[in-house]
Amino acid sequence: MSGTTAEPAAAESSNEGRKEDLLQVAFRPDPQYDAKYSAQGQVDIYGAKSAVEPPRPLLELGREQYTSGLYDESSALLGKLNPLLPGLAIYGDWRTAVAYNSNNGKDIAQIATRLNLDVDFKITSTERIHAFFTPVQDDNVYSRFEFGGGDGDDQFTAEFDRNPATLFFEGDFGSLYSGFSGKQASFDLPFTVGLFPLFLQNGIWANDAILGGAVTLPARNSAALGLANFDITFFAAFDNVDNAGNISADEDDNPLYGVTAFVDAFDGFVEMGYGLIDRRDELEHFIDRRDELEHFLTAAYTRRYYNTLSNSTRLFANFADDPFANFADDIEGKNDGFAIISENSLISGLPSTLIPYANFFVGFGNPQPLVDGNNAGILKNVGINFETDALTGFPKLDDTGSNAYGGAIGLEYLFNLDQQLVFEVAMVQPFEDDGIGAQHAQYGFGVRYQIPITRAWLFRADATYQILAANDDFGDIFEGNFEDNFGIRAEIRRKF
């Protein structure tokens, strides 16, 4: 009996020894603490970095944002599992630019300004009411003083709009359920309702505030499909639907319904979306109902290849119920289009600061964003030569992508991550004059420089020269057969 008892004891001891060996392999040794604690020594572990104090909001009442320390006990008005964390903050920025722009035959020198105000009222950690105001502009026209140029009016023009650009409530059904039921919810279901910003595909497909609602199924996974992480968002709008193809005078006559998904798959990142605009216009009694429905599709795949190239390939399509409608007809087919955008950046020897990039596109028909409140086209992010400044009317190349191909090649340098310098050349080459986009070849040369003066003040300067060829033959440019656009600007931005 004694021998039988000893054998399990020896086996158990041997197992314990193996476990101890495994623990020593799996975990590093505990840190060695000095007898005398040094706070500076602990900071030095992280390269002697210190906390960055950002500019504080213009107004902060109640619980402040991004602060540390002991807080007072929160109210349990919405339940102990969803405590109140009330706080009101007003923040934003003020931009002022001086520019001389020769754009589409008009020469104007001006000083223009815009004020962006965010009003954020936090209720709990997941619920809030948010509003955004742009009080010194009217739509996309800004307060300005045109002091020179052949087309300047030598006047100060004040623009004013007291209406909010956004005003919405957002929260999480899971947190609300936890608070009201007293039971911890096993799900997250964030939602928003009101005049809220819709920003999809880096703003290319959607960049506008719409009046409606949205709900998201976040951080899901599927073992059956082999998907480790994906989100799905459903959204709808019944007013403020700014789409280039709207033929109704009232934006609320064109309701919008859509769904978008973000998926980690195929060793990369996938974005997909579908949108439907129901065009309820004054011609609805004379047109087949199917011709009033406009469909918008988008898909993108982003991945890094061989630690050398980062690529995002984006597809956009829009068409009526009858995709084979006659393009010559004034109603059917006029908004149908398809575009491919390829965004590429090389991973250089200075991967965080020196970024060569090359972006290309090809468009057929009349490709359009789903919604865009700035009247920008599908090519708005192809390069800096396709961007205006949303302030002074800075010139840009044609961004519709309508029956054209081209792209932008540039070099971005970020110094020590404290400045930005960008050089870029770009081209738009139409292969059909459809009366929508560029009629002839366009070539752009742009430069941008940005530097923070302080943590609250930023300086930015841009310059562009754009050649608008009189026909499709690049050789005629050297014979002087062209027009040009030119712009130079300097801007001061104050963040608060």
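So, here is what we can say about the structure in this document. (Residues numbered from 1 in each chain as written. Predicted model: local features only at pLDDT ≥ 70, side-chain atom pairs only at ≥ 80, totals over all residues. Heavy atoms only, no water.)

Observations regarding the overall build of the chain
Here is step 1 of the chain: Looking only at helices and strands, the chain has 3 helices and 23 strands in total.
Here is step 2 of the chain: Expressed as a percentage of the 496 residues in the chain, the buried residues total 41%.
Here is step 3 of the chain: Within the chain, residue pairs in contact and separated by at least 24 positions form 58% of the contacts whose partners lie at least 6 positions apart.
Here is step 4 of the chain: Split by element, the accessible area of the chain, about 27700 Å² in all, is 58% carbon and sulfur. (Helix = DSSP H or I, 4+ residues; strand = E, 2+ residues; numbered from the N terminus. Buried < 20%, exposed > 50% of the residue type's maximum accessible area, 1.4 Å probe, protein only. Contact = heavy atoms within 4.5 Å. Areas by Shrake-Rupley, 256 points an atom, 1.4 Å probe, with all protein chains shown as cover.)

Considering the pairing of strand 11 (residues 227-239)
Here is step 1 of the chain: Where strand 10 (residues 206-222) meets strand 11, 9 bridges bridge the pair, whose relative direction is antiparallel. Note that in strand 11 the partner of Leu217 across the bridge is Ile232.
Here is step 2 of the chain: In this structure, strand 11 lies alongside strand 12 (residues 256-265), joined through 9 bridges in antiparallel fashion. Bridge assignment links Phe230 to a residue of strand 12, and that residue is Val263. (Pairing = 2+ DSSP bridges.)

Structural notes on unusual backbone geometry
Here is step 1 of the chain: Positioned with a positive phi, Asn375 is a non-glycine residue whose angle comes to about 60°.
Here is step 2 of the chain: Locating Asn375 in the fold gives a position in the loop between strand 18 (371-372) and strand 19 (404-413).
Here is step 3 of the chain: Here the phi dihedral of Phe415 falls at roughly 50°; this positive angle occurs in a residue that is not glycine.
Here is step 4 of the chain: Assignment of secondary structure puts Phe415 in the loop between strand 19 and strand 20 (420-430).

A few points about empty space enclosed by the protein
Here is step 1 of the chain: According to the stated counting rule, one finds 1 cavity of 30 Å³ or more in the structure shown.
Here is step 2 of the chain: Estimates place the volume of the largest cavity at around 40 Å³.
Here is step 3 of the chain: In terms of lining, the largest cavity is formed by Ile384, Asn385, Phe394, Gly446, Val447, Arg448, Asp462, Ala463 and Thr464.
Here is step 4 of the chain: Mapped onto the lining of the largest cavity, the elements with two or more residues apiece are strand 21 (442-452) and strand 22 (457-469).
Here is step 5 of the chain: Of the residues belonging to the lining of the largest cavity, the class tally is 4 nonpolar, 3 polar and 2 charged. (1 Å grid on protein atoms, 1.4 Å probe; cavity = no way out; pocket = protein on both sides within 12 Å on 5 of 7 lines; lining within 4 Å. Points joined across faces, edges and corners; volume = space filled by probe spheres on them. Nonpolar A, V, L, I, M, F, W, Y, C, P; charged D, E, K, R; others polar.)

Examining the pattern of salt bridges
Here is step 1 of the chain: All chains considered together, the criterion is met by 17 salt bridges.
Here is step 2 of the chain: Measuring nitrogen to oxygen at the nearest pair gives 2.8 Å for the salt bridge that ties Arg493 to Asp93. Linking Arg493 in strand 23 (residues 482-495) with Asp93 in strand 2 (residues 84-103), this pair joins segments that are 400 residues apart in sequence.
Here is step 3 of the chain: When its relative accessible area of 27% is taken as the criterion, Arg493 is described as partly exposed.
Here is step 4 of the chain: The salt bridge involving Arg489 is made with Asp462; its shortest N-O contact spans 2.8 Å. Of this pair, Arg489 sits in strand 23 while Asp462 sits in strand 22, and the two are 27 residues apart along the sequence. The pair Arg489 / Asp462 is uniform in exposure class, with both members buried.
Here is step 5 of the chain: One connected set of salt bridges, linked through shared partners, spans Arg95, Glu387, Asp389, Arg448, Arg460, Asp462, Arg489 and Glu491. (Salt bridge = Lys/Arg side-chain N within 4 Å of Asp/Glu carboxyl O.)

Digging into the side chain of His295
Here is step 1 of the chain: Looking at the element boundaries, His295 is found in strand 14 (residues 293-305).
Here is step 2 of the chain: A distance of 2.7 Å separates the side chain of His295 from the side chain of Tyr274, its partner in a polar contact.
Here is step 3 of the chain: Aside from chain neighbours lying at most four places away, what touches His295 is Tyr274, Gly275, Leu276, Ala317, Asn318, Phe319, Ala320 and Asp321. (Polar contact = N/O pair within 3.5 Å; in protein donor to acceptor, adjacent residues only side chain to side chain.)

Section: a nonpolar patch on the surface
Here is step 1 of the chain: Together, Val98, Ile111, Phe145, Phe147 and Phe156 make up a nonpolar patch on the protein surface, roughly 450 Å² of accessible area in all.
Here is step 2 of the chain: Looking at where Phe147 falls in the secondary structure, it is placed in strand 6 (residues 141-148).
Here is step 3 of the chain: For Phe147, a relative accessible area of 38% puts it in the partly exposed group. (Patch = residues over 30% accessible without salt bridge, like charges linked within 9 Å, V, L, I, M, F, W, Y side chains within 5 Å.)

Here's the deal with the nonpolar core
Here is step 1 of the chain: In terms of nonpolar packing, the biggest core is built from 31 residues, with Leu198, Phe235, Leu256, Phe361, Leu370 and Phe386 touching the most fellow members.
Here is step 2 of the chain: Only strand 9 (190-200), strand 10, strand 11, strand 16 (337-346), strand 19 and strand 20 provide two or more residues apiece to this core.
Here is step 3 of the chain: Excluding residues that lie within four positions of it along the chain, Phe386 makes contacts with Phe361, Leu379, Lys380, Lys396, Leu397, Asp398, Asp399, Gly407, Ala408, Ala426, Met427 and Val428.
Here is step 4 of the chain: Grouped together as the second largest cluster of nonpolar side chains are 5 residues, Leu227, Val263, Ala265 and Val270 included. (Core = buried A, V, L, I, M, F, W, Y, C linked by side-chain atoms within 4.5 Å.)

A short note on the layout of surface pockets
Here is step 1 of the chain: Reported here for the second largest pocket is a volume of approximately 540 Å³.
Here is step 2 of the chain: Considering the residues around the second largest pocket, the lining is formed by 26 residues, among which Gln65, Tyr66, Ala89, Tyr91 and Asp120 are closest to the centre.
Here is step 3 of the chain: Mapped by element, the contributors of at least two residues to the lining of the second largest pocket are strand 1 (59-62), strand 2 and strand 3 (106-124).
Here is step 4 of the chain: In terms of residues, the lining of the second largest pocket owes the most to one element, strand 2, which gives 6 residues.
Here is step 5 of the chain: Its residues placed into classes, the lining of the second largest pocket shows 10 nonpolar, 6 polar and 10 charged.

Function cannot be read off these values alone, since they describe shape.
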